[in-house]
Amino acid sequence: MSGKKSTLRAAHQKKKQLRKPKAIPSQESTLRKHQQKIQERATKKKKRDDQDDDEEDDSGSDDDESADELLLTKETEGEKTQFNFEFSDMKEEFYGGIQLMLAKQLYSTGAAHDITEIIIKQDELGTVVHCEGETDVFAYASILPATKLASVEFMRQLANYIDHHAQAAANQECKNVLNSIAAQDANASKYGLLFHDRYVNFPLELINELHRNLSDDLSWILDPSQRNSEITEDFVQSFEQMEHIVLFRPVAPESDSSSSASSSSDSDLKVQNVTGSSSIMFDYFEDDVYFEQAEHAWKLKLDPKLFKYSNYVMMLIPKQNIARVAAGLQRMLAQ
């Protein structure tokens, strides 16, 4: 779909290449410089030890080493590398970067592989942020129709786990959603799953662009006047039938205390209805904005054999609310 992004951004001015106005450090380059400076400092110190007498060396070495440390900090912290970031459609070459990000959250590398395969094959909707001419993934976002996950065994394992532990009436909707996706029943087509991730030091000003692109892609798919003839009718229908977006995101364990009264009868409070809670602490601030747009939300204590982190929030977001996320992020970043 090489023409899709450029067509889509004719109205929204989506840039295939965004230059970050403020350069960010290159971690690999910084590490090399640290190693070089440490080696140089060790060599200088050895020469001083050989040339100076004991008392002078003790006094002078401390001063000189301290000066070297200040210089090291100044040079390495001051080193900046200018990146040209590209926003691209999903391609096979981005498999490794996306799979690595998914594997950070799942213990099952098989599950990360299965989901990544589906993500990269859907190039009509979804965005990868990478450096110009490179395939290292800095961030990505995509929405998959739940019907595409029929072959993912991991979804069935998750549904079975939640079905066993979500006994409270307030959590029935949570069970219904996951069971529909796992069983691929008649209601499965009503749901999509949102996957997104980024590196912690990803430029703030690009976070809003990433999620705006996701919203723009969704609008492009649903608007006959925007989408091109390459998009199949089946694909369009899979998003037209979609009513809610499901999003799983890790949260800090400190938010365990935010249990609702309605979930107090659950087994070990492994599933809690936290819709509208103000005490949920996400790892990434963009998830706070998605949480604000959620119609329902549940805090899950998941089996550590399935997930790397045991504390997650599952959000059920009306499809039309996805468009509000970019605006919410823009307001948050402007504060």
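Model, not experiment: these values are computed from the prediction.

S.K.: Any details on the side chain of histidine 211? Residues and values, ideally.
M.R.: Its location among the elements puts histidine 211 in helix α8 (residues 204-222). At 2.8 Å, the side chain of histidine 211 and the side chain of tyrosine 290 are in polar contact. Beyond its immediate chain neighbours, meaning those up to four positions away, histidine 211 contacts His196, Glu286, Tyr290 and Leu329.

S.K.: Residues and numbers for helix α9 (residues 233-240), please.
M.R.: Within α9 the residues assigned to the buried category are Phe235, Val236, Ser238 and Phe239. For α9, the arc enclosing every buried residue in end-on projection is 155°, short of the 170-degree limit, so these residues lie on one face. Structurally, α9 contributes buried residues whose contacts are with β4 (137-145) and α8.

S.K.: Summarise the packing of aromatic side chains; cite the residues concerned and give the values.
M.R.: Across all of its chains, the model carries five aromatic pairs by this definition. The interplanar angle of 90° and the centroid separation of 5.2 Å between the aromatic rings of phenylalanine 85 and phenylalanine 138 together place this pair among those described as edge-to-face. Of this pair, phenylalanine 85 sits in strand β2 (residues 84-88) while phenylalanine 138 sits in strand β4, placing them 53 residues apart in sequence. With respect to burial, phenylalanine 85 and phenylalanine 138 carry one shared label: buried.

S.K.: An account of the packing of helix α6 (residues 153-165) against helix α7 (residues 172-183) is requested, with residue identities and associated values reported.
M.R.: At a closest axis distance of 9 Å, the pairing of α6 and α7 adopts a crossing angle of 150°. By the angle between their axes, α6 is roughly antiparallel relative to α7. As for the relative orientation of α6 and α7, their crossing is left-handed in sense. Here Met155, Arg156, Leu158, Ala159, Ile162 and Asp163 of α6 come into contact with α7, specifically with Cys174, Lys175, Leu178, Asn179, Ile181 and Ala182. When its residues are assigned to classes, the contact of α6 with α7 shows eight nonpolar, one polar and three charged.

Criteria and thresholds
Residues numbered from 1 in each chain as written. Predicted model: local features only at pLDDT ≥ 70, side-chain atom pairs only at ≥ 80, totals over all residues. Heavy atoms only, no water. Helix = DSSP H or I, 4+ residues; strand = E, 2+ residues; numbered from the N terminus. Polar contact = N/O pair within 3.5 Å; in protein donor to acceptor, adjacent residues only side chain to side chain. Contact = heavy atoms within 4.5 Å. Buried < 20%, exposed > 50% of the residue type's maximum accessible area, 1.4 Å probe, protein only. Arc of directions from axis to C-beta. Phe/Tyr/Trp six-rings, centres within 6.5 Å; stacked < 30°, edge-to-face > 60°. Axes fitted to C-alpha atoms, helices over the stretch in contact; angles between N-to-C directions. Parallel < 35°, antiparallel > 145°, perpendicular 65-115°, else oblique. Left-handed = near helix turned anticlockwise from the far one by under 90°. Nonpolar A, V, L, I, M, F, W, Y, C, P; charged D, E, K, R; others polar.

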